[in-house]
Amino acid sequence: MEKIQPLIWDGEALLLLDQRALPGEVIYVRCDSVEEVGEAIRDMVVRGAPAIGVTAAFGMVLAARHIARTLTGDESLLARLGKAGATLKSIRPTAVNLSWGVEQMLDRAKTLSGMTPGEGLEQLEKVARKIFAEDIAVNKRIGEYGASLLPARCSILTHCNAGALATAGYGTALGVIRSAFAAGKDIQVFADETRPFLQGSRLTAWELQQEGIPVTLIVDSAAGYFISTGQIDCVIVGADRIAANGDVANKIGTYMLAVLAGRHNIPFYVAAPLSTFDLSLAAGEQIEVENRCETEITHLKKVAITAPGIRAQNPSFDITPAGLITAIVTENGIISQPDQHNIARYFKNAR
Ligand code: MRU
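Just so it is clear, the model here is predicted, and its values are computed rather than measured. (Residues numbered from 1 in each chain as written. Predicted model: local features only at pLDDT ≥ 70, side-chain atom pairs only at ≥ 80, totals over all residues. Heavy atoms only, no water.)

### Side note on the site of the ligand
The condition is simple: Working definition: residue near molecule or strand if any one of its non-hydrogen atoms lies within 4 Å of it. Two N or O atoms form a polar contact when they lie within 3.5 Å of each other; inside protein one atom must be a possible hydrogen donor and the other a possible acceptor, and for residues adjacent in sequence the pair counts only when both atoms belong to side chains. The accessible surface values rely on the Shrake-Rupley method and a 1.4 Å probe; as for residues, cover is taken only from the protein chains in view.
As a structural note, the neighbourhood of the ligand is formed by 19 residues, with Arg47, Arg92, Gln199, Asn250 and Lys251 the closest of them. Here an oxygen atom of the ligand sits 2.8 Å away from a polar atom, N or O, in the side chain of Gln199. Lys251 has a polar side-chain atom sitting 2.7 Å from an oxygen atom of the ligand. For the ligand, whose unbound accessible area comes to 410 Å², protein coverage reaches 99%.

### Quick notes on the environment of Ala79
How we decide: In this description a helix means any DSSP run of H or I spanning at least four residues, a strand means any run of E spanning at least two, and both kinds are numbered starting from the N terminus.
Here Ala79 lies in helix α3 (residues 77-91). Spatially, the C-alpha atom of Ala79 lies 52 Å from that of Cys154, the residues being 75 residues apart in sequence.

### Comments concerning the pattern of salt bridges
Definition in use: Any Lys or Arg side-chain nitrogen found within 4 Å of a carboxyl oxygen on Asp or Glu counts as a salt bridge. Working definition: with a 1.4 Å probe on protein chains only, accessible area under 20% of the residue-type maximum means buried, over 50% means exposed, and in between means partly exposed.
Evaluated as defined, the whole model comprises 16 salt bridges. With a shortest N-O distance of 2.8 Å, Arg292 and Glu296 are connected by a salt bridge. Glu296 shares its class with Arg292; the two are buried. One continuous salt-bridge network, built from bridges that share partners, spans Arg92, Glu290, Arg292 and Glu296.

### With respect to a negative patch on the surface
Just so we agree on the cut-off: Residues enter patches when their relative accessible area tops 30% and they take part in no salt bridge; the joining distance is 9 Å for like charges and 5 Å for the nonpolar side chains Val, Leu, Ile, Met, Phe, Trp and Tyr. Note on charges: Lys and Arg go in the positive column, Asp and Glu in the negative column, and His and the chain ends are not counted at all. Where a charge lies is defined by one atom per residue type: Lys uses NZ, Arg uses CZ, Asp uses CG and Glu uses CD.
Taken together, the side chains of Glu35, Glu36, Glu39 and Asp43 define an acidic patch exposed on the protein surface. Checked against the element boundaries, Glu35 lands in helix α1 (residues 34-42). A residue is classified by how much of its surface remains accessible, and Glu35, at 55% relative accessible area, is exposed.

### What about the packing of helix α4 (residues 96-109) against helix α5 (residues 117-147)?
Quick reminder of the rule: Helix axes use the C-alpha atoms of the stretch in contact, all axes being lines fitted to C-alpha atoms, and the angles between their N-to-C directions lie in the range 0 to 180 degrees. Each crossing gets its hand from how the near helix is turned against the far one by less than a right angle, where anticlockwise is left-handed and clockwise is right-handed. For this analysis, residues touch if any pair of their heavy atoms sits within 4.5 Å. Think of it as three bins: nonpolar holds Ala, Val, Leu, Ile, Met, Phe, Trp, Tyr, Cys and Pro, charged holds Asp, Glu, Lys and Arg, and polar takes everything else, Gly as well.
For the pair α4 and α5, the least separation of the axes is 10 Å and the interaxial angle reads 145 degrees. Like other packed secondary-structure pairs, α4 and α5 cross with a definite hand, here right-handed. Facing α4, whose interface residues are Trp100, Gly101, Gln104, Met105, Arg108 and Ala109, α5 presents Gln123, Leu124, Val127, Ala128 and Ile131. Partitioning the contact of α4 with α5 into residue classes produces seven nonpolar, three polar and one charged.

### Comments concerning the nonpolar core
Here is the rule: Definition used in this section: a nonpolar core is a set of buried Ala, Val, Leu, Ile, Met, Phe, Trp, Tyr and Cys residues joined via side-chain atoms within 4.5 Å.
In this structure, Leu14, Leu16, Ile41, Leu81, Leu88 and Met105 are the most contacted members of the largest nonpolar core, which totals 41 residues. Secondary-structure elements contributing two or more residues to this core are β1 (7-9), β2 (14-17), α1, α2 (49-70), α3, α4 and α5. Sort the elements by how many residues they give to this core and α2 lands first, with 13 residues. Judged by nonpolar contacts, the second largest core, of 28 residues, contains Ala239, Ile266, Phe277 and Phe347.

### Here we look at the packing of α2 against α3
Interhelical geometry of α2 versus α3 gives an angle of 145 degrees and a closest axis separation of 10 Å. Between α2 and α3 lies a crossing whose hand is right-handed. Residues Ala56, Met60, Ala63, Ala64, His66, Ile67, Ala68 and Thr70 of α2 lie in contact with α3, whose contacting residues are Leu77, Arg80, Leu81, Ala84, Gly85 and Leu88. Split by residue class, the contact of α2 with α3 holds ten nonpolar, three polar and one charged.

### A few points about the domain arrangement of the chain
For the record, the criterion: The domain boundaries here were taken from an automatic or database domain assignment. The term buried area means the drop in 1.4 Å probe accessible area that two parts suffer when joined, counted for both and summed.
Split into domains, the chain comes out as domain 1 (7-139) and domain 2 (143-350). Using only C-alpha atoms to locate each centre, domain 1 and domain 2 end up separated by 25 Å. In this complex, domain 1 contributes 27 residues to the contact, which on the side of domain 2 involves 34 residues. Between domain 1 and domain 2 lies a buried interface of about 2,600 Å² when both sides are counted; carbon and sulfur atoms form 56% of it. Counting the surface domain 1 buries against domain 2, the share from its top three residues, Arg47, Thr94 and Asn139, is 27%. Taken together, the connections running from domain 1 to domain 2 amount to one salt bridge. Broken down by secondary-structure element, the contributors of at least two residues to the side of domain 1 that touches domain 2 are α2, α4 and α5. Partitioning the side of domain 1 that touches domain 2 into residue classes produces 16 nonpolar, six polar and five charged.

Set out below in structure tokens:
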């Protein structure tokens, strides 16, 4: 069992580690319905692309159970499940894993005709459990491939939280760091605090501390200082959606780090599962960027830190062009110099 468990399925309900309360309190929010799952995703109880994908899969199990109990003669379970899935998908538009999780469940639901309701529900639960278990296995493989890129002694800058908390329980970018550390490499991590939600200071620093991995917290605007003074050997981040040409959507501020890494000639790595690729989009400019509430910026723990009436803009993600990315690390291997050609070739070989 993983040390940090962001989500627990107990067979009846989904328990989500409340990431808003970390690192102060370790408490779980219980979700008994797909509506409660949706609320938890919206309110950032659970966040991080793979984690919300897995959460959505269990949300669909809860939806299917409710629908099966309340279905009237002239309704179709599949149509109602489709509606529940569409609502879930719309809650956070940037991370493709959310849609991916929902679609996996709908695909299975389409094959259930001929089964009793009980058998069908069992099959759906099985798929969600598999998505959960595979996410951890996939992260470990990403970790191993990524660790092979790192020298024996390495100082790494990471942004946001792409760790156990952002997945089913191991992490993508932090999975690489975990694997390298476990392999005996001398790893030092610099974690950006990641305004405004503070995934870096509240979550990444906490996670690494739990693992005994040396971590130093810096403010987002200090990244240029640390990189330009030679204190960082490489940058590793996760991703929310990767277009067919290798452009990457990730937490706001990622693009600045990629520009800095390019300027100072250090590698910029993205660690992400294949489920984060969206080959239906040719380029990053087609990725929808979620805009979140102004009060995430104007307030800290519900206390205003700006004068009344100050307007803010809060795009939650930005797009890093593929040309600034040294390599994308996936569970099937490493895509160096990602571009349309290399990614297409990679997926062709993977099939
Ligand atoms: O808004 P968040 O916290 O959901 O954003 C998360 C990120 O941007 C992560 O870097 C990304 O989802 C990858 S997580 C493995």
